Amino acid sequence: MKSMTDKKYVVLFSAFVEKLQQQYDYLLEGGTSYRQRTAELALEVARKVGNVNPFYDNDDARELVTQLLPELNLHRKEDVAKMLRVVVNRLHLNATLSDEVKVHVKQKMSNQKKIRLVKVK
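The numbering scheme is per chain: residues are counted from 1 as the chain's sequence reads. Residues qualify for local features only when their pLDDT is at least 70, as the model is predicted, and side-chain atom pairs are given and counted only at 80 or more; totals for whole chains, interfaces and linings, by contrast, use all residues. Where side-chain values are given, they derive from all heavy atoms of the structure, hydrogens and water being excluded.

### Some thoughts on a nonpolar patch on the surface
Phase 1: Grouping into patches uses exposed residues only, defined as over 30% relative accessible area, and leaves out salt-bridged ones; the cut-off is 9 Å for like charges and 5 Å for nonpolar side chains (Val, Leu, Ile, Met, Phe, Trp, Tyr). Computed by Shrake-Rupley with a 1.4 Å probe, the accessible areas treat only the displayed protein chains as cover when residues are assessed. For this document, the term salt bridge refers to a Lys or Arg side-chain nitrogen within 4 Å of an Asp or Glu carboxyl oxygen. A contiguous nonpolar patch, built from Val-101, Val-105 and Met-109 and spanning about 230 Å² of accessible area, is present on the exposed surface.
Phase 2: Segments assigned H or I by DSSP are reported as helices when at least four residues long, segments assigned E as strands when at least two residues long, and all are numbered from the N terminus. Here Val-105 is to be found in helix α5 (residues 99–120).

Right, dumping it as structure tokens:
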């Protein structure tokens, strides 16, 4: 496994687990049983590892999932690792965006919602 100590990460483990829990809860409300189980397994892996750093890297995430859940088939392992990577990278991106970019994105999203509402009426 590669060492990730040379990079500075800003995502707290508690925020990572919280976001994974939110993803799981969201999928319980209407996701497929496959996606629900994937989210549950991702949460399990994250809690066992206790650190977000390995999930920034594709190979490290896959390796950890394989070590911790060897009984899973290859596709499920890939999906669990991908969910972990996507969540940590999204949190990292949100934490490192400048305030100006955040304001710009918020305005764009607000405009898109207004456009959708006008089309629906």
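### Digging into the side chain of Asp-57
Phase 1: Summarising the element assignment, Asp-57 is placed in the loop between α2 (33–49) and α3 (58–68).
Phase 2: There is a polar contact of 2.8 Å between the side chain of Asp-57 and the backbone nitrogen of Asp-60. Whenever two N or O atoms come within 3.5 Å, that pair is a polar contact, provided that in protein one can donate a hydrogen and the other can accept it, and provided that, for residues adjacent in sequence, both atoms are side-chain atoms.

### Concerning the confidence of the model for the chain
Phase 1: For every residue, the predictor states its confidence as a pLDDT score lying anywhere from 0 to 100. With 85% of its residues at a pLDDT of 70 or more, the chain shows a mean pLDDT of 87.
Phase 2: Here α5 stands out as the element of the chain with the lowest mean pLDDT, 73, in contrast to α2, whose mean of 97 is the highest.
Phase 3: Contacts are residue-level and defined by heavy atoms, with any inter-residue pair within 4.5 Å sufficient. Segment residues 1–7: pLDDT under 50, and twelve contacts once partners within four positions in sequence are set aside and those in other chains are kept.

### Looking at the nonpolar core
Among soluble globular proteins, nonpolar side chains are generally buried collectively.
Phase 1: Side-chain atoms within 4.5 Å link the members of a nonpolar core, which is a set of buried Ala, Val, Leu, Ile, Met, Phe, Trp, Tyr and Cys residues. Partly exposed residues are those whose accessible area sits between 20% and 50% of the maximum for their type, while under 20% is buried and over 50% is exposed, using a 1.4 Å probe and protein chains only. Core analysis: the biggest nonpolar cluster contains 27 residues, and Phe-16, Leu-20, Phe-55 and Leu-84 have the highest contact counts within it.
Phase 2: Sorting elements by how many residues they give to this core places helix α4 (residues 74–96) first, with seven residues.
Phase 3: Among all residues touching Leu-84, those that are not within four sequence positions of it are Phe-16, Leu-20, Ala-42, Val-45, Ala-46, Phe-55 and Val-65.

### Quick look at the pattern of salt bridges
Side-chain pairs of opposite charge can arise whenever the charged atoms involved come near each other.
Phase 1: Tallied over the entire structure, the rule returns four salt bridges.
Phase 2: Note that Arg-37 is salt-bridged to Glu-40, the shortest N-O span being 2.9 Å. Of this pair, Arg-37 and Glu-40 both sit in helix α2, three residues apart, which is roughly one turn of the helix.
Phase 3: By relative accessible area, which is 33% here, Glu-40 ends up partly exposed.
Phase 4: The salt bridge partner of Glu-78 is Arg-62, with a shortest N-O separation of 3.1 Å. Of the two residues, Glu-78 sits in helix α4 while Arg-62 sits in helix α3, which places them 16 residues apart along the sequence.
Phase 5: Residue Glu-78 is classed as partly exposed on the basis of its relative accessible area of 29%.
Phase 6: The structure contains a network of salt bridges with shared partners spanning Asp-59, Arg-62 and Glu-78.

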